[in-house]
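Examination of the molecular architecture
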Amino acid sequence: MRLTWLMALLCAAAMTAGCGDDDSGDDDASADSDTDTDSDSDSDSDTDSDSDTDTDTDTDLDCPEEDRWWIWDLSVMPPEDTQICATVRGEGDNVYVLVEDDTWEVTVDQEMVDNLLEAWDVATPSDSEAGIFEQVTGLFGDPPDTFDDDPKIYLFLYEMEGYMGNTFDGYFKVDDQLDVWNSNRHELLHINTVNNEPDGDYSLSVQAHEFQHMIHWNYDTNETAWVNESMSEVAMVLTGFGADEAWVASWLADPEPPLMAEGPGYDYGVLLLYGTYLWERFGDAFVAGIVEDPDNGVTSLDALLATEDESLDFDVVLGDFALAVALNDTTFEDGIYGYELIEFDEVAAETFNDTVDGTQSVGADGGFAFFRAPVASDGDTLRLESTGWESLETRVAFETPSGGVFLAGELTSETTDIPLGVIPTDAVLWVAAANSTPADITITASLI
């Protein structure tokens, strides 16, 4: 599990399924069911940065003071601060590779260090002329440089303890950016060397994810967690080492987890889909604006979207996103209902027809509902019924072999009838609904 960057005060709760990206070692942080609690950014900007006077260090460590580095002992929850001995084993243009002494030549060797420097400084799968550092900073901005007056960051590799069967991929620890007793006073990404090779695609993708959190903290120390996590998912897609595909597949098979969940209950599948949707639709400058804006969450997104088009706000785009997930088709309506950068399977949807209605509860806080009907009869009318109709963003379209056909973009009353007219050959009717309110809303779809 990626441990999120403001995670940790109470990660005992985070050890449920919601807190872990699975430890499968899949090349995507999504499959890693240890969750990236790594950016519970709505919390206080200092992860337990209270000025503890306990400055004791482990006097049993067999290394000089300058080679002792603070980490979290993750075998207990909340995590405890402790120190280990570590040595810089490689230096590149943008990073140092710092390795736990007990890990050297056990789970980390010189070839791995060289590969890490290559990935960070030279090339990634998505760009043969730019490494992780250049790509991620180019999109999101600069990392902090709080203490050491050195623009390079540290990749801190060590064997992290597990907790109750959960393992962790890595984390960005805010304490390292604060003048507190347990700070390393360097810009570090903590990376686990157990289960995943640190120079493997999965770990490199996690490193890009965590790097975004570091950068985001530099501009906005208390960004809303789900927004911050969605940007870190974009960093994974950006660098091309393999993103959270398994999380995406899991969410599509059961799209119940809401977009706006609070950590550690967020779902990386929907966060990856949402962050990538914003990036594809609105571009690099929009994504950079999310990171740089000191406002948070929906407030920030509403303001940024208004600068794109005054008719847009968070709710409108949430509805568009829902239909993009359902159809994933860029051939109609200026391409706003699909993706170019990622591929994924069809979302699970409730089927309805001339004789069987479909009813779903659209969950609160960014929940979704999807309906599909393989219609065949010209002249049918789609009826959508909801007592909470004013609060739902609902989109209706045909999926056809020759491309999508948009039908309707809103409900107009508790009972909204949408004539389907002449139905295209082999068409599937899709209804996608999104709900940003704090209460569930029921919607029923029928053909009459």
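Up top is the structure.
Conventions we followed
Residues numbered from 1 in each chain as written. Predicted model: local features only at pLDDT ≥ 70, side-chain atom pairs only at ≥ 80, totals over all residues. Heavy atoms only, no water. Pairing = 2+ DSSP bridges. Helix = DSSP H or I, 4+ residues; strand = E, 2+ residues; numbered from the N terminus. Contact = heavy atoms within 4.5 Å. Axes fitted to C-alpha atoms, helices over the stretch in contact; angles between N-to-C directions. Disulfide = S-S within 2.5 Å. Buried < 20%, exposed > 50% of the residue type's maximum accessible area, 1.4 Å probe, protein only. Patch = residues over 30% accessible without salt bridge, like charges linked within 9 Å, V, L, I, M, F, W, Y side chains within 5 Å. Areas by Shrake-Rupley, 256 points an atom, 1.4 Å probe, with all protein chains shown as cover. Salt bridge = Lys/Arg side-chain N within 4 Å of Asp/Glu carboxyl O. Lys, Arg positive; Asp, Glu negative; His and termini not counted. Charge placed at Lys NZ, Arg CZ, Asp CG, Glu CD. Polar contact = N/O pair within 3.5 Å; in protein donor to acceptor, adjacent residues only side chain to side chain. 1 Å grid on protein atoms, 1.4 Å probe; cavity = no way out; pocket = protein on both sides within 12 Å on 5 of 7 lines; lining within 4 Å. Points joined across faces, edges and corners; volume = space filled by probe spheres on them. Core = buried A, V, L, I, M, F, W, Y, C linked by side-chain atoms within 4.5 Å. Expected span 1.5 Å × (residues − 1). Phe/Tyr/Trp six-rings, centres within 6.5 Å; stacked < 30°, edge-to-face > 60°.

Moving on, we get to the sheet that holds strand β15 (residues 405-408). Sheets are built from strands that pair by backbone hydrogen bonding, the pairs being arranged parallel or antiparallel. In space, the five strands of this open sheet follow the order β10-β12-β17-β14-β15, with mixed pairing throughout. Two strands close off the open sheet at either side, each with one partner strand: β10 (350-351) and β15. Inspection of the sheet shows β10 paired to strand β12 (residues 367-373) by two bridges, in the parallel sense. Of the residues in β12, the one forming a bridge with Thr351 is Arg372. Along the sheet face, helix α9 (residues 314-327) touches β12, β14 (392-399), β15 and β17 (428-435) and points at about 30° away from the line of β14.

Turning our attention to the state of the cysteines. Note on terminology: a disulfide is the covalent bond linking the sulfur atoms of two cysteines. Scanning the entire structure with this criterion turns up one disulfide. With a sulfur-sulfur separation of 2.1 Å, Cys63 is cross-linked through a disulfide to Cys85. Between Cys63 and Cys85 the sulfur-sulfur dihedral comes to about -85°; the bridge is accordingly left-handed. Taken together, the residues span a long stretch of sequence, with Cys63 in the loop between β3 (33-34) and β4 (68-73) and Cys85 in strand β5 (residues 80-91) at a distance of 22 residues. Considered together, Cys63 and Cys85 belong to a single accessibility category, that of buried residues.

A separate point is a negative patch on the surface. On the surface, Asp254, Glu256, Glu262, Asp365 and Asp440 cluster together into a patch of negative charge. Within the secondary structure, Asp365 sits in the loop between β11 (358-362) and β12. For Asp365, a relative accessible area of 32% translates into the label partly exposed.

Bringing the side chain of Asp150 into the picture now. Its place among the elements puts Asp150 in the loop between α2 (132-140) and β7 (153-158). It turns out Asp150 is buried and unbridged, and the closest side chain with the opposite charge, Lys152, is 5.8 Å from it. From its side chain, Asp150 meets the backbone nitrogen of Lys152 in a polar contact 3.0 Å long. Setting aside chain neighbours within four positions, we find Asp150 in contact with Tyr96, Asp145 and Glu187.

What follows deals with empty space enclosed by the protein. The final tally for this structure, using the stated rule, is one cavity of 30 Å³ or more. Looking at the largest cavity, its volume works out to about 50 Å³. Every residue lining the largest cavity is listed: Phe168, Asp169, Ile191, Asn192, Val194, Asn196, Tyr202, Ser203 and Val206. If you list the elements that add at least two residues to the lining of the largest cavity, you get β9 (188-192) and α3 (201-219).

If you look at the biggest cluster of nonpolar residues, it comprises 91 residues, and the most contacted ones within it are Trp120, Phe140, Leu259, Leu273, Phe321, Phe368 and Phe370. Within the second largest apolar cluster, 24 residues are counted, among which are Val362, Leu382, Leu429 and Val431.

Moving on: the pattern of salt bridges. Counting across every chain of the model gives 11 salt bridges. Of the charged contacts, one joins Glu65 and Arg68 as a salt bridge, the two residues approaching to 3.6 Å between their closest N and O atoms. Judged by its relative accessible area of 15%, Arg68 is buried. Between Arg372 and Glu346 there is a salt bridge; the shortest N-O distance is 3.5 Å. With Arg372 in strand β12 and Glu346 in the loop between α9 and β10, this residue pair connects regions lying 26 residues apart in the sequence. Judged by its relative accessible area of 45%, Glu346 is partly exposed.

Before going further, it helps to spend a moment on helix α1 (residues 110-121). Under the 1.5 Å per step criterion, the end-to-end length of α1 is 16 Å for 12 residues, consistent within 8% with the ideal 16 Å. Within α1, burial applies to Met112, Val113, Leu116, Leu117, Ala119, Trp120 and Asp121. Against β5, β6 (95-100), α2, β7, β9 and α3 lie the buried residues of α1. The N-capping residue of α1, defined by a side-chain oxygen 3.2 Å from the backbone nitrogen of Glu111, is Asp109.

Applying the stated criterion across every chain, the model contains 26 aromatic pairs. For the ring pair Trp226 and Phe314, a centre distance of 5.9 Å and an interplane angle of 55° mean the geometry is tilted. Taken together, the residues span a long stretch of sequence, with Trp226 in helix α4 (residues 225-239) and Phe314 in helix α9 at a distance of 88 residues. With respect to class, Trp226 is no different from Phe314; both count as buried.

Once that is clear, we can look at unusual backbone geometry. The step from Met77 to Pro78 runs through a cis peptide bond, and the omega angle for that step is 0°. Not every positive phi belongs to a glycine, and Asp149 is a case in point at roughly 50°. Within the secondary structure, Asp149 is located in the loop between α2 and β7. In this structure, Asn195 is a non-glycine residue whose phi angle is positive, near 80°. The topology assignment puts Asn195 in the loop between β9 and α3.

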